[in-house]
Amino acid sequence: MSPFARWFQAEVRSREGGEAELLLPVREEFLQGQGLVHGGILAALLDSALGQAVESLGVKVVTAELSVNYLRPVREGVLLARGFVVHAGKRLFHAAGEAWLEGERVAFAKGTFYRVDGG
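All of these numbers come straight from a predicted model, not from anything done at the bench.

Undergrad: Whenever I open this one, unusual backbone geometry confuses me. Can you help?
TA: Most peptide bonds take the trans configuration, and most residues that are not glycine carry a negative phi. Even without being a glycine, Gln9 presents a positive backbone phi close to 65 degrees. Along the chain, Gln9 falls in the loop between helix H1 (3–8) and strand S1 (11–16). According to the relative accessible area criterion, Gln9 is partly exposed, its value standing at 49%.

Have a look at this one:
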């Protein structure tokens, strides 16, 4: 586990067949000055969900591009992020996903991932 993953503490609930689901309880250190979850935390959660979805196909990747759209603020609770592979190429993989809080979508993302395991 990477140092970032140890600090972030997102729980991988599922990771199979080009799909992944992660849970992340909101912690105080995730909040910005207005008491809301920092956008970077939501971006990191979505990046992780999309990356886990891609890596569930048996490859190792790094993020080449990530686009996040924020829909509503988050103050507390447990975030759920789902990612899925849209296209699996030889070197580039495209994925998309959403973050949810108590049944409401709070953000969505799309990303491109670059294969780094030599395949």
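Undergrad: Whenever I open this one, the sheet that holds strand S4 (residues 78–88) confuses me. Can you help?
TA: What holds strands together in a sheet is hydrogen bonding between their backbones, with the strands either parallel or antiparallel. Pairing is antiparallel across the open sheet formed by six strands, whose spatial order is S1-S2-S4-S5-S6-S3. The open sheet is flanked by S1 and strand S3 (61–70), the only strands paired with a single partner. Between one strand axis and the next, the sheet turns through 20 degrees on average, direction left out of account. Sheet analysis places strand S2 (residues 19–25) next to S4, joined by seven bridges and oriented antiparallel. Bridging across to S4, Glu21 finds its partner in Arg82. Along the sheet, helix H2 (residues 39–55) makes contact with S1, S2, S3, S4, strand S5 (92–101) and strand S6 (104–115), crossing S3 at roughly 130 degrees.

Undergrad: Help me understand the side chain of Thr112, please; the structure alone is not making it clear to me.
TA: On the secondary structure map, Thr112 appears in strand S6. There is a polar contact of 3.3 Å between the side chain of Thr112 and the side chain of His94. For Thr112, the contacting residues outside a window of four places in its chain are Val62, Thr63, Ala64, Glu65, Leu92, Phe93 and His94.

Undergrad: Explain the pairing of S6 to me, please; I cannot follow it from the model alone.
TA: Working note: regular strand, side chains alternate between the two faces of the sheet. Taken together, the nine bridges between S3 and S6 define a ladder with antiparallel strand orientation. In the sheet register, Thr63 faces S6, and the bridge partner there is Phe113. Summarising the sheet, S5 and S6 pair through ten bridges and their orientation is antiparallel. Counted as the bridge partner of Leu101 is Glu104 from S6.

Reading guide: rules and limits
Residues numbered from 1 in each chain as written. Predicted model: local features only at pLDDT ≥ 70, side-chain atom pairs only at ≥ 80, totals over all residues. Heavy atoms only, no water. Helix = DSSP H or I, 4+ residues; strand = E, 2+ residues; numbered from the N terminus. Buried < 20%, exposed > 50% of the residue type's maximum accessible area, 1.4 Å probe, protein only. Pairing = 2+ DSSP bridges. Axes fitted to C-alpha atoms, helices over the stretch in contact; angles between N-to-C directions. Contact = heavy atoms within 4.5 Å. Polar contact = N/O pair within 3.5 Å; in protein donor to acceptor, adjacent residues only side chain to side chain.

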